Amino acid sequence: MDKAVVTCALNGVLTNPKQHHVPVTPEEMAREAKAAFNAGASVMHMHLRQQEPDKGHMPSWDVNLSREVQQAIREACPGVIINHTTGVSGPNYQGALDCVRETRPEMAACNAGSLNYLKVKADGSWAWPPHVFDNAPDKIQKYLDVMKVAKSLPEFECFDVGIVRSVAMYKQNGMYSGPLEYNFVMGVASGMPADPELLPILLKLKLPDSNWSVTAIGREEIWPLHLRCAELGGHLRTGLEDTFYLGDGTKVTSNGQLIEGIVACARKAGREIASPAEARKILKLMQ
């Protein structure tokens, strides 16, 4: 079984740094990346945040900021692999395309299908205004075209079973012809549940000879899913974008604690952890 490639999702899209310990500035991003890197992560999945006072909870698509954050992370973590976010709802996603085209990260998220993005609170009200996270094929094609130019490996983000099946059609149709990396996003309330029993079905639906990982979103209940992922040969991801809790219910203050937890899952499943150089070979990175 391959060594496990460990990804740290450093900060996410909207988590408020006034409520949680998410990094915002390039210096904070580098510090958190180093903690994760030292714990075993070879890939850093990054989001950009606005840098003005009291705006750190808002996303940014500033190309210069992207360069600055990536440089800070690379200086702190020699050989690290950058995985850049691209997720944008609505028709105005040029900023995401520009970030990938101009900064050329080794990997970039490619959200592989649309999802009604919903969550209901205990009192029955919506946790946020219901909306569609829209990723139509023409939008996906634009991302794939930019990633091809930038030599960035697309990580196909799959929020539901039908989206997993769609990735094979993108390959069949000629939209994409490179190495495949699936990321099964499990735990979004209106998407796939964070249920370990779902993994064997997803593995039947993915194309053969493709890499895969799991993004498990939730609290301490997600950790059995991480362990099952490791046992079945998947690659592993966690970080403050996905959770703030270890399997024993402890709330963390740093990405490093979460990476330590997921490395322990891998070792419990008999897996060794890939170094950045080994991760590049396993993922068949284009650069």
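Computed from a prediction, not measured in an experiment: that's the story for all the values here.

Asks: For the overall build of the protein, give the residues involved together with the corresponding values.
Replies: Within the protein, the regular secondary structure consists of nine helices and ten strands. Here the protein has a C-alpha radius of gyration of 17 Å; the compact-globule value for 287 residues is 19 Å, and the two agree. Within the protein, the fraction of its 287 residues that count as buried is 53%. Taking the contacts inside the protein whose residues are at least 6 apart along the sequence as the reference set, 71% of them involve residues at least 24 apart. By element, 52% of the accessible surface of the protein is carried by carbon and sulfur atoms, the whole surface being about 12500 Å². Counting 30 positive and 32 negative side-chain charges, the protein places the centres of these two groups 4 Å from one another.

Asks: Describe the pattern of salt bridges, naming the residues involved and giving the relevant values.
Replies: A full pass over the atoms with the stated rule returns nine salt bridges. Measuring nitrogen to oxygen at the nearest pair gives 3.1 Å for the salt bridge that ties D98 to R101. You can see D98 and its partner R101 sitting in helix α3 (residues 94-103), three residues apart, about one turn around the helix. Since its relative accessible area comes to 25%, D98 is described here as partly exposed. Two residues, D242 and R237, come together in a salt bridge whose shortest N-O distance is 2.8 Å. For the pair formed by D242 and R237, the shared burial category is buried. Through salt bridges with shared partners, a single ionic network connects R74, E106 and R280.

Asks: Break down the side chain of N211 for me, with residues and values.
Replies: Summarising the element assignment, N211 is placed in strand β9 (residues 211-216). Separated by 3.3 Å, the side chains of N211 and H235 make a polar contact. With residues up to four places along the chain from it excluded, the contact list for N211 reads L180, E181, Y182, H235, I282 and L283.

Asks: Hey, could you go over the nonpolar core for me, with residue numbers and the actual values?
Replies: M44, I73, F156, F184, M186, L199 and V214 are the most contacted members of the largest nonpolar core, which has 92 residues in total. Beyond its immediate sequence surroundings of up to four residues, M44 is in contact with C8, L10, A33, A36, F37, I73, V80, I81, I82 and N83.

The rules behind each value
- Residues numbered from 1 in each chain as written.
- Predicted model: local features only at pLDDT ≥ 70, side-chain atom pairs only at ≥ 80, totals over all residues.
- Heavy atoms only, no water.
- Helix = DSSP H or I, 4+ residues; strand = E, 2+ residues; numbered from the N terminus.
- Rg over C-alpha atoms; globule rule 2.2 N^0.38 Å.
- Buried < 20%, exposed > 50% of the residue type's maximum accessible area, 1.4 Å probe, protein only.
- Contact = heavy atoms within 4.5 Å.
- Areas by Shrake-Rupley, 256 points an atom, 1.4 Å probe, with all protein chains shown as cover.
- Lys, Arg positive; Asp, Glu negative; His and termini not counted.
- Charge placed at Lys NZ, Arg CZ, Asp CG, Glu CD.
- Salt bridge = Lys/Arg side-chain N within 4 Å of Asp/Glu carboxyl O.
- Polar contact = N/O pair within 3.5 Å; in protein donor to acceptor, adjacent residues only side chain to side chain.
- Core = buried A, V, L, I, M, F, W, Y, C linked by side-chain atoms within 4.5 Å.

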